[in-house]
Amino acid sequence: MSFDQFQRYKTVQLIVEELKKRKGLSQVSVLEIGSNGQCNLGEALPEERIQYSCLEIPREREGDDRFIVLDGTNMPQVETGAYDVAVALDVFEHVPEEKRADFLKEISRVAGKLAILCFPFANGRNQLAEKRANSYYKAIYGKNHIWLEEHIENGLPEWDRTKEILDREKIGYAGFEHGDILLWEEWMKALFGAYDVPGAEGYLAALEEYYGEDIYFHDVGESNYRVFLLMSKDKALAEELAASMQAVFEKGNGADGREGMLRGLQDLKALCGRRACRQVKSFLYMDEGRGWREEDKLERETLMGAGNQLHISYEYEISRSVSGFRFDPLEGCCCMISGVSICSDQGELPFSPVGAWAHDGWFVFPGDDPQFFIDAGGKQIRWLRIEADIVIYPEERGLMFSMMDKIVRESEQRAVDAIREKEAALYARADAVRDKERAEEERDRIARECQRAAEQRNAIAVEKDAALRERDDLRAERDSLRSEKDAAVQEKEDMRHQYAQEQARADLYEEAYNSVIGSGSWKVTAPLRKLFGKGAGSSGESP
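Small disclaimer: the values here were computed from a predicted structure and weren't measured.

The rules behind the values
Residues numbered from 1 in each chain as written. Predicted model: local features only at pLDDT ≥ 70, side-chain atom pairs only at ≥ 80, totals over all residues. Heavy atoms only, no water. Helix = DSSP H or I, 4+ residues; strand = E, 2+ residues; numbered from the N terminus. Buried < 20%, exposed > 50% of the residue type's maximum accessible area, 1.4 Å probe, protein only. Contact = heavy atoms within 4.5 Å. Areas by Shrake-Rupley, 256 points an atom, 1.4 Å probe, with all protein chains shown as cover. Salt bridge = Lys/Arg side-chain N within 4 Å of Asp/Glu carboxyl O. Axes fitted to C-alpha atoms, helices over the stretch in contact; angles between N-to-C directions. Parallel < 35°, antiparallel > 145°, perpendicular 65-115°, else oblique. Left-handed = near helix turned anticlockwise from the far one by under 90°. Nonpolar A, V, L, I, M, F, W, Y, C, P; charged D, E, K, R; others polar. Patch = residues over 30% accessible without salt bridge, like charges linked within 9 Å, V, L, I, M, F, W, Y side chains within 5 Å. Pairing = 2+ DSSP bridges. Expected span 1.5 Å × (residues − 1). Arc of directions from axis to C-beta. Core = buried A, V, L, I, M, F, W, Y, C linked by side-chain atoms within 4.5 Å.

Peer 1: Please clarify how the overall build of the protein should be interpreted in this entry.
Peer 2: Looking only at helices and strands, one finds 13 helices and 18 strands in the protein. Here the protein holds 543 residues, and 39% of them are scored as buried. In the protein, the share of contacts with a sequence separation of at least 24, taken over all contacts with a separation of at least 6, comes to 76%. Carbon and sulfur atoms make up 49% of the accessible area of the protein, which totals about 30,300 Å².

Peer 1: In this structure, what is going on with the pattern of salt bridges? I would like to understand it.
Peer 2: Close approach of charged atoms allows side chains of opposite charge to pair. This model, assessed by the stated rule, comprises 33 salt bridges. Here Glu-48 and Lys-20 are joined by a salt bridge, their closest N and O atoms 2.6 Å apart. Placement of Glu-48 in the loop between helix H2 (40-44) and strand E2 (49-54) and of Lys-20 in helix H1 (residues 3-23) is noted, with a sequence separation of 28 residues between them. Linking Lys-281 and Glu-299 is a salt bridge whose minimum nitrogen-to-oxygen distance equals 3.5 Å. Highlighted residues: Lys-281 in strand E8 (residues 278-287) and Glu-299 in strand E9 (residues 297-304), separated in sequence by 18 residues. Here Lys-281 falls in the partly exposed class, since its relative accessible area comes to 42%.

Peer 1: Looking at this structure, I do not really get the packing of helix H4 (residues 125-141) against helix H7 (residues 181-194). What am I missing?
Peer 2: The contact between H4 and H7 brings their axes to 10 Å, and the two run at 15°. Relative to H7, the element H4 lies roughly parallel. Considering only the axes of H4 and H7, their crossing is right-handed. For the pair H4 and H7, the contacting residues are Arg-125, Asn-126, Ala-129, Glu-130, Arg-132, Ala-133, Tyr-136, Tyr-137, Ile-140 and Tyr-141 in the first and Ile-181, Leu-182, Trp-184, Glu-185, Lys-189, Phe-192 and Gly-193 in the second. Looking at the contact of H4 with H7 residue by residue, the class counts come to ten nonpolar, two polar and five charged.

Peer 1: It is not clear to me how a nonpolar patch on the surface should be interpreted in this structure. Could you clarify?
Peer 2: Together, Trp-292, Val-354 and Phe-373 make up a nonpolar patch on the protein surface, roughly 230 Å² of accessible area in all. Tracing the chain through its elements places Val-354 in strand E14 (residues 351-354).

Peer 1: Is there a simple way to think about the sheet that holds strand E3 (residues 67-69) in this case?
Peer 2: Strand pairing in a sheet is mediated by backbone hydrogen bonds. Such pairs are either parallel or antiparallel. Here we have seven strands laid out as an open sheet, ordered E3-E2-E1-E4-E5-E7-E6, and mixed in their pairing. Of all strands in the sheet, those with a lone pairing partner are E3 and strand E6 (173-180), marking the two edges. Between one strand axis and the next, the sheet turns through 20° on average, direction left out of account. Two strands pair when backbone bridges link them, and strand E1 (residues 29-33) and E2 are joined in this way by five bridges, in the parallel orientation. When the sheet's bridge partners are listed, Ser-29 is paired in E2 with Arg-49. Each of E1, strand E4 (83-89), strand E5 (111-120), E6 and strand E7 (224-231) touches H1; the most contacted strand, E7, lies at about 30° to it. Relative to E6, helix H9 (residues 235-249) is tilted by about 20°, and along the sheet it contacts E5, E6 and E7.

Peer 1: What exactly am I supposed to notice about helix H8 (residues 201-215) here?
Peer 2: Owing to its 3.6 residues per turn, the α-helix aligns residues three or four sequence positions apart on the same side. When the terminal C-alpha atoms of H8 are compared, their 20 Å separation across 15 residues agrees well with the 21 Å that a helix rising 1.5 Å per residue should span. Within H8 the residues assigned to the buried category are Leu-204, Leu-207, Glu-208, Tyr-211, Gly-212 and Ile-215. Within H8, the buried residues cover an arc of 135° as seen down the axis, which keeps them to one side. Turned more than 90 degrees from where H8 packs its buried face, Gly-202 and Glu-213 sit exposed.

Peer 1: What is the right way to look at the nonpolar core in this model?
Peer 2: Among soluble globular proteins, nonpolar side chains are generally buried collectively. Counting residues in each nonpolar core, the largest one holds 56 residues, and the members touching the most others are Ile-116, Trp-184, Trp-187 and Leu-230. The biggest single contributor to this core is H7, with nine residues. What Trp-187 contacts, discounting residues up to four positions off in sequence, is Phe-3, Leu-204, Leu-207, Glu-208, Tyr-211, Met-261 and Leu-265.

Peer 1: Which parts of the structure should I look at to understand the pairing of E4?
Peer 2: Regular strands place side chains that alternate from one sheet face to the opposite one. Counting buried positions over the seven residues of E4 gives seven, a clear majority of the element. Direction of pairing for E1 relative to E4: parallel, over a ladder of three bridges. Opposite Leu-31, over in E4, you have Ala-86 as the bridge partner. In terms of strand pairing, E4 meets E5 through six bridges, oriented parallel.

Here's what the structure looks like:
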């Protein structure tokens, strides 16, 4: 177990032991959030009932009923207080900022007695140390460290902000710090340099043992990398446990031990630097009809830098008539080789590996004498150029198979991703077909509505025509009535005019009559009076 893991799991072990002693428990149930496939918590707590959980079951733990899928920010499938202890070690900093409050509430909810979190926290020095460590890693491997990169992108949790959340949610808690940041940074850089250096494992294991026995209990400085957060419904219990741990780490300042640790880490980096650069020899055997003979070989060598990977590119002048070649890229090492290219003045030459198995562009040589047979095809070869990328595992084949397993997993993942992409494309096509069908249905619906609208429009036009005809009939009838009225009015006017004329004539006659009577000559006018019906009898006057 690396020093970084030891810091976390050893501290959890001490806390759980103290909890059991204070509560008089012989065993506790534990839920670990964000477990890895190594089951390190089981090594630290071998007597406890442990349930491991993660967002996805590690490949190597598929079928292991100790592992379940959980999202620590939302665990409705876990009952409140279902476990005595809930643990999340170096997980909190990987939770997005907007979900950290949910994470704290959920892990506190499912823990019946105690929840234990630890995480690197933002204090200025930690962020700078992580950036330096990541830059160191990138200088060696040409890429960012996967976890440190995520720390930098997400931002480390702020301890004050975390306490604000806990106070707001009324969660009892206490905390303490551990892991001097200066020692942590030196440890990480030494580990990064030793990852791929053959032979460094023994000294690294000795330093990790030294840390566990002599340094761990004193690994508290002015500025520390991690904070351990203890949450409990019994706040006094959390405070007592935190105080007991602080007392454990205050056994002594451990200054001499830390100095020795730093010297050991410097020695490890120096060892890795010396072992990282060495000469690698390759041999090309030529078959002139007498088989592979030592006197018929050509030797080349290249310098392997830091790590266990190198690229070879050799050119050979061939002055003999040969039927084939055997290329030994290196000796005394098991290895993995990819990107093999064998060209000549006659074009590319076919080749076949000896004692290897192939997968996804890699040739895996579990033995320590990798070889390739090259077929010259009966052609006269004047020059030969060989290129390849090699990953060397001279001492631990387990590392090679671990690497190969990773390649297989990545290949399978690519296949799965390709299948998912095809499924997504099919789903997209199905969606497009459904959208097209919906569009056609909509078009048909609109056409039907247009047809109904046209029919309604025609019916309205017919009704309009009928109304127009009725209006014209009414207008004609009105005009007829107006004509009759005008005729009647004219007739009335004519009768009125005739009456006026008759009246005027009568008035004239009356006036003439009165004039005659008034003149005394009425006697002479007897005929007139008779004419007008005014005789003597009628007037009452004597003749």
